[in-house]
Amino acid sequence: MAASSLPAATAGPPVRGACPHDCPDTCALLTTVQDGVAVRVQGNPDHAQTAGVLCNKVSHYTERVYHPERLLQPMRRVGPKGSGRFEPVDWDTALDAIAARLQAIAARDPQAILPYSYAGTMGLVQGESIAARFFHRLGASLLDRTICASAGAEALTQTLGGKVGMKVEFFAEAKLILVWGSNSIASNLHFWRLAQEAKRQGAKLVCIDPRRSETAEKCHEHLQLLPGTDAALALALMHELIVNDWLDHDYIQRHTLGFEALRERALRWTPERAAAVCGIPAQQIRDLARDYGTTKPAAIRLNYGMQRVRGGGNAVRAVACLPALTGAWRHRAGGVLLSSGGFYPADRAALQRPDLLAGRQPRTINMVQIGDALLHPASPSFGPAVEAVIVYNSNPVAVAPESGQVVRGFAREDLFTVVIEQFRTDTADYADYLLPATTQLEHWDIHTSYGHTDVLLNRPAIAPCGEARPNTQVFRELAARMGFDDPLFRESDESLCRLAFGAQVDFGLLLERGFATLDIPAAPFAEGGFPTASGRCEFFSERLARQGLDGLPDHVPNYEAAGTSSRYPLAMISPPARNFLNSTFVNVESLRDIEGEPVLEMHAHDAAARGIRDAQVVRVFNDRGEYVCKARVSPRARPGVVNGLGIWWRKLGLAGTNVNQLTSQKLTDLGRAPVFYDCLVEVQPA
Ligand SMILES: Nc1nc2c(c(=O)[nH]1)N[C@H]1C(S)=C(S)[C@@H](COP(=O)(O)OP(=O)(O)OC[C@H]3O[C@@H](n4cnc5c(=O)[nH]c(N)nc54)[C@H](O)[C@@H]3O)O[C@H]1N2
Ligand SMILES: Nc1nc2c(c(=O)[nH]1)N[C@H]1C(S)=C(S)[C@@H](COP(=O)(O)OP(=O)(O)OC[C@H]3O[C@@H](n4cnc5c(=O)[nH]c(N)nc54)[C@H](O)[C@@H]3O)O[C@H]1N2
Ligand code: SF4
Ligand SMILES: [Mo]
């Protein structure tokens, strides 16, 4: 471990930490340690957003940390790629070999080396700090980290000026809440708590989701639209707001840009037209518009469900325009929240040091298209073939689209693959060297959130298990072996935690309480002041228009829209299973037991038409591949849409694949993001 001036607390009061997972709630943790062993992980009752409650997954955290299959020592591949056969080696042997190989490749062209990482931990330090410095100094290919949120992020940036919105705590005071594209009970539990509070105070809750999710069934209304049709719905809502004059003309005039153009566009979207596109009754759209236009304050929890289709960016733009039309922003319990990430003054450049590129401009590879990238030969436009990939904080073989291609890529015998992991995931099976990583209970980190606006500090509660090391330490040691001798490669984790916000956040307070609240006004856009260039909510985006794109939000149909193919008549979405977090936790037995087996939810009509009974094993397929799972004939699925709950480890599924065998590597309209829920399939009894 890097030297640190503060000892990790190992006895006495619970150790304050932060949940590392990719979840908007970013809970404050309290870990009870006895004799050096973490015996319990609980929510910190002093942290308002956590309120002493954790989800079921992280309540089971010690099972994950002390799991019998935790990787506890470095391993070297002995069997063929993908076989998962390894032999233990010591750290020095592994790091020497990796450094030598990377050096040899870098001597020809460092761009042949690709880092691959995402949000296994959301921590700023165990995420991209020393790792980014290392790859920048090396001149490796850059990774476009688009696999989750970049369509919505780009859409918000073009509309509101950044990843900003309502403060989550004020949803409790709203009188109308639209839960749009989110199964909050599964994936945003602490928001759901606030929505429940609002409900008790008389608020109406409306869910907009193709699936009758756990959340949808607990709302007053559910608009069960077809996947990828949210922009049409939002435009029809605008139509109704305009023709009924449920508009805040003063707010529009003073704080928005492009109303006349938007008005003209929206007037073309009658409820009838949208109803035909969305596959829902026109009256349901009219009723929602009346509620939205006449209830104050009205709040929208906009989430990721709608973004994972071709028109995901436009859909977010359309929805993000609504609160400015009605002036909902005037009230602290009005507006929209997609992500609060843009409020944080984190100094990512200080952590990641892009200046180490020293003028070089390596190519950028989109992580969504890792399958194609690994199989791409050298060419003048692409650059060198990828010769080495270093994976940390991610499980691409399970989570990236079109897994057939991803697996073929990782199976290349000439590809040098290093995986830094806590477990032997589907991706780990393809490693040449597999290095054991610490968990959140074993390392320092500092966290922003995309659901609230507090900063959280995570102190290690226990010593690293076995020979596991923090990501930072792995990259420090590789840097030393590659001759990168600048002191910035030796900076300690605690010092990186301090650097993340510099003087902007009181580090003493973080050490003492574990969290600090950013100073943001309760109703940040009550008087406009959006962080766009114009300072207004931009209905019309000049910036998009200059790129040759539509300046206004519009409905962009799916690449693979429901009902457009006779061979593959069913639209498949693959939202998360409640007891997993992406592909994390699939190997924790107590959680996997609750999920049972990989399932595909089907409407009774679609099942009957195919002679499929409940619990029958089925083949789900399209031109990209095939996935075997169990059919669950269920009212959660609407006719024409099947729900393949994710994201199982391939090797723990029924026939060695998961839903991503079927998804495509195509990209969204904005933000270069994946289209996981824009996917046509057919289903047959297996
Ligand atoms: N338990 C659990 N929590 C998680 C995760 C997890 O895997 N498990 N993942 C985490 C991550 S990485 C993220 S990004 C967030 C995601 O969190 P959210 O954005 O809240 O998304 P989900 O819960 O995935 O819910 C998406 C919902 O959108 C619906 N949906 C699918 N297509 C469409 C569409 O076209 N339009 C509309 N309106 N809805 C659609 C799905 O049926 C699903 O109910 O959750 C995080 N939290
Ligand atoms: N079909 C379909 N596919 C999807 C989605 C979907 O809804 N449907 N959702 C997409 C979304 S929203 C996302 S965000 C991506 C998520 O994709 P990923 O970010 O790859 O998420 P996980 O599957 O949770 O894998 C994270 C891995 O990081 C490891 N890890 C955790 N902490 C550390 C650490 O400190 N060090 C190291 N070295 N490793 C660590 C964990 O053990 C885990 O295996 O998946 C996407 N894929
Ligand atoms: S996964 Fe989400 S809800 Fe669960 S403990 Fe972590 S931050 Fe909280
Ligand atoms: Mo995500």
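Keep in mind that what you see is a predicted model, and the values were worked out from it rather than measured.

Moving on, we come to the pairing of strand β23 (residues 599–602). Residues of β23 alternate between two faces, with Val-599 and Glu-601 on one and Leu-600 and Met-602 on the opposite face, all of them buried. When β23 meets strand β25 (residues 625–633), the two strands line up parallel, connected through four bridges. Looking at β25, one finds that Val-599 is bridged to Lys-630. Strand direction decides the pairing type here: β23 and strand β26 (residues 641–644), joined by two bridges, are antiparallel. Bridge pairing in β26 links Glu-601 to Asn-643.

Taken together, 32 residues sit near ligand 2, with Ser-394, Glu-421, Ser-583, Thr-584 and Asn-660 positioned nearest. Between ligand 2 and Ile-420 there is a distance of 2.9 Å, counted from a nitrogen atom to a backbone nitrogen or oxygen. Within the side chain of Asn-471, a nitrogen or oxygen atom sits 2.8 Å from a nitrogen atom of ligand 2. Protein contacts shield 97% of the accessible area of ligand 2, which totals 910 Å² for the unbound molecule. Counted by class, the shell around ligand 2 contains 13 nonpolar, 15 polar and four charged residues.

Moving on, we come to the domain arrangement of the protein chain. Many authors give the size of an interface as the accessible area that is lost as the parts come together. When its domains are assigned, the protein chain resolves into domain 1 (3–65), domain 2 (75–148 + 350–445 + 470–491), domain 3 (152–338) and domain 4 (570–685). Centre-to-centre, using C-alpha coordinates, domain 3 lies 27 Å away from domain 4. Facing the 27 residues of domain 3 at the interface are 21 residues of domain 4. It is Arg-211, Arg-308 and Arg-310 in domain 3 that bury the most area against domain 4; as a group they hold 33% of the surface buried on that side. Taken together, domain 3 and domain 4 are joined by two salt bridges. With its nearest N and O atoms 2.7 Å apart, the salt bridge here joins Arg-211 to Glu-601. Secondary-structure elements contributing two or more residues to the side of domain 3 that touches domain 4 are α5 (150–159), α6 (184–187) and α13 (312–326). Among the elements that take part in the side of domain 3 that touches domain 4, α13 stands out by supplying four residues, more than any other. Split into classes, the residues belonging to the side of domain 3 that touches domain 4 amount to ten nonpolar, nine polar and eight charged.

Calculation rules
Residues numbered from 1 in each chain as written. Chains lettered and ligands numbered in written order. Predicted model: local features only at pLDDT ≥ 70, side-chain atom pairs only at ≥ 80, totals over all residues. Heavy atoms only, no water. Buried < 20%, exposed > 50% of the residue type's maximum accessible area, 1.4 Å probe, protein only. Helix = DSSP H or I, 4+ residues; strand = E, 2+ residues; numbered from the N terminus. Pairing = 2+ DSSP bridges. Near = heavy atom within 4 Å. Polar contact = N/O pair within 3.5 Å; in protein donor to acceptor, adjacent residues only side chain to side chain. Areas by Shrake-Rupley, 256 points an atom, 1.4 Å probe, with all protein chains shown as cover. Nonpolar A, V, L, I, M, F, W, Y, C, P; charged D, E, K, R; others polar. Domains from an automatic or database assignment. Contact = heavy atoms within 4.5 Å. Buried area = accessible area lost by both parts, 1.4 Å probe. Salt bridge = Lys/Arg side-chain N within 4 Å of Asp/Glu carboxyl O.

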